[in-house]
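Residue strings, one per chain:
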Amino acid sequence: MTQQMARDMLAEIEQTQRRSAQYLGYWRQGPTVQLWGLVWIIAHVACYFLPASAGQIWLVFDAIGFAGTALLRLRHSADDTSQRQTGRRLMWAGCILLAFGAIASMLIGPRGRAIEVLWTCLFMSAYMLHGLWFGLRWTVLGALVIAVSLLAYFSHSPWYELIMAAAAGGGLLLGGTWMRHAR
Amino acid sequence: MNGLDEVIHQSTRLRMMTALHALKKDEWIEFVHLKSLINASDGNLGAHLDTLARAGYVEIDKQIVGKKPLTRIRTTTAGRAAYRHHVAQLRSLLDM
């Protein structure tokens, strides 16, 4: 066994580790993306029929989404110290984004749809950033949902909530399925 | 062979053990998923899995789920230890 052969084998190991991390991430987190797709579809449809209760509807459905996400994450909680550290950093990154969203929402004021689109873009930007490290599918999905949300918002359509349910919620649902079946 | 593990040393088996080591301890992976992680054919993967199982490095679980066969694989404690030792030996070769 020469040093060059050892170097080649270590390179092969590194390549397999990268591919495994990327695909395991898709398979493990795909169900969470699907869950949020379902939450968005139901919440947007509910907002269409009960526009006066939009605030409460989102409060309830976001709570359901976060509880479901926490449950799904428990299934795949890391048993490796470095993975746990990464998990903690990601959790703090999420908290920073939430704080930023809350401040931006306060500054925007009582403009329901603008705030809704802001939160959508914020979460989907996080998906896009995640994709820079963990696989292109996250970036593609985030960019598509942001584009659809902005189109729906600026078109001032009376069907806004239904467009968001079908395109953004449906997009997440399909995107989650795309990740779960990544090969 | 320089303290290297002869079972794991073969290229496909090395990739298989690397992919399996990326899972949590005691976590199973389906045959089709492992196949796509290492880009191997069914026959090739099956033959190398048998070799790893005979060495006691992996466990294979075969079930029938909804009339379809489901094969799952996971590493054993001995398999994870052997893999880590093998990688450490490869790294030590670079330091010589």
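In this text, all values refer to a predicted model and were calculated from it rather than measured experimentally. (Residues numbered from 1 in each chain as written. Chains lettered and ligands numbered in written order. Predicted model: local features only at pLDDT ≥ 70, side-chain atom pairs only at ≥ 80, totals over all residues.)

Here we look at the overall build of chain A
Filter applied, for reference: By definition, any uninterrupted DSSP run of H or I lasting at least four residues is a helix, any uninterrupted run of E lasting at least two residues is a strand, and each is numbered from the N terminus. Exposure in this text rests on C-beta crowding, where 20 or more other C-beta atoms within 10 Å of a residue's own make it buried, 12 or fewer make it exposed, and counts in between make it partly exposed. The C-beta atoms are placed from the backbone. Placing a C-beta atom from the backbone of each residue, one calls two residues in contact when those atoms lie within 7 Å.
Within chain A, the secondary structure is distributed over 6 helices and 0 strands. Helices and strands in chain A line up, N terminus first, as α-α-α-α-α-α. Overall, chain A is about 70 × 30 × 25 Å in size when its C-alpha atoms are taken along their principal axes. Looking at chain A residue by residue over its 183 residues, the buried ones come to 26%. Looking at chain A alone, contacts between residues at least 24 apart form 62% of all its contacts between residues at least 6 apart.

Digging into helix α4 (residues 42-54) of chain B
Residue and element names in this part refer to chain B. Here is the rule: Working rule for helices: expected span equals 1.5 Å times residues minus one. Of all possible arcs, the one meant is that of the directions from the helix axis to the C-beta atoms.
Along its 13 residues, α4 runs 18 Å from first to last C-alpha, staying within 8% of the 18 Å computed at 1.5 Å per residue. Here α4 has its buried residues at L45, H48, L49 and L52. Seen along its axis, α4 keeps its buried residues to an arc of 110 degrees; they face one direction. Exposed and facing more than 90 degrees away from the buried side of α4 are G43, D50 and R54. For α4, the secondary structure elements touched by its buried residues are α1 (6-9), α2 (11-21), α3 (31-38), β2 (58-65) and β3 (68-75). The positive-phi residue at the C-terminal boundary of α4 is G56, with phi of around 80 degrees.

So, the environment of R80 of chain B
Residues and elements named next belong to chain B. Tracing the backbone shows R80 in helix α5 (residues 77-95). Taking the number of C-beta atoms within 10 Å as the measure of exposure, R80 has 17 and is therefore partly exposed. Linking R80 and Y57, residues 23 residues apart in sequence, is a C-alpha distance of 7.3 Å.

Any functional reading would require information that these geometric values do not contain.
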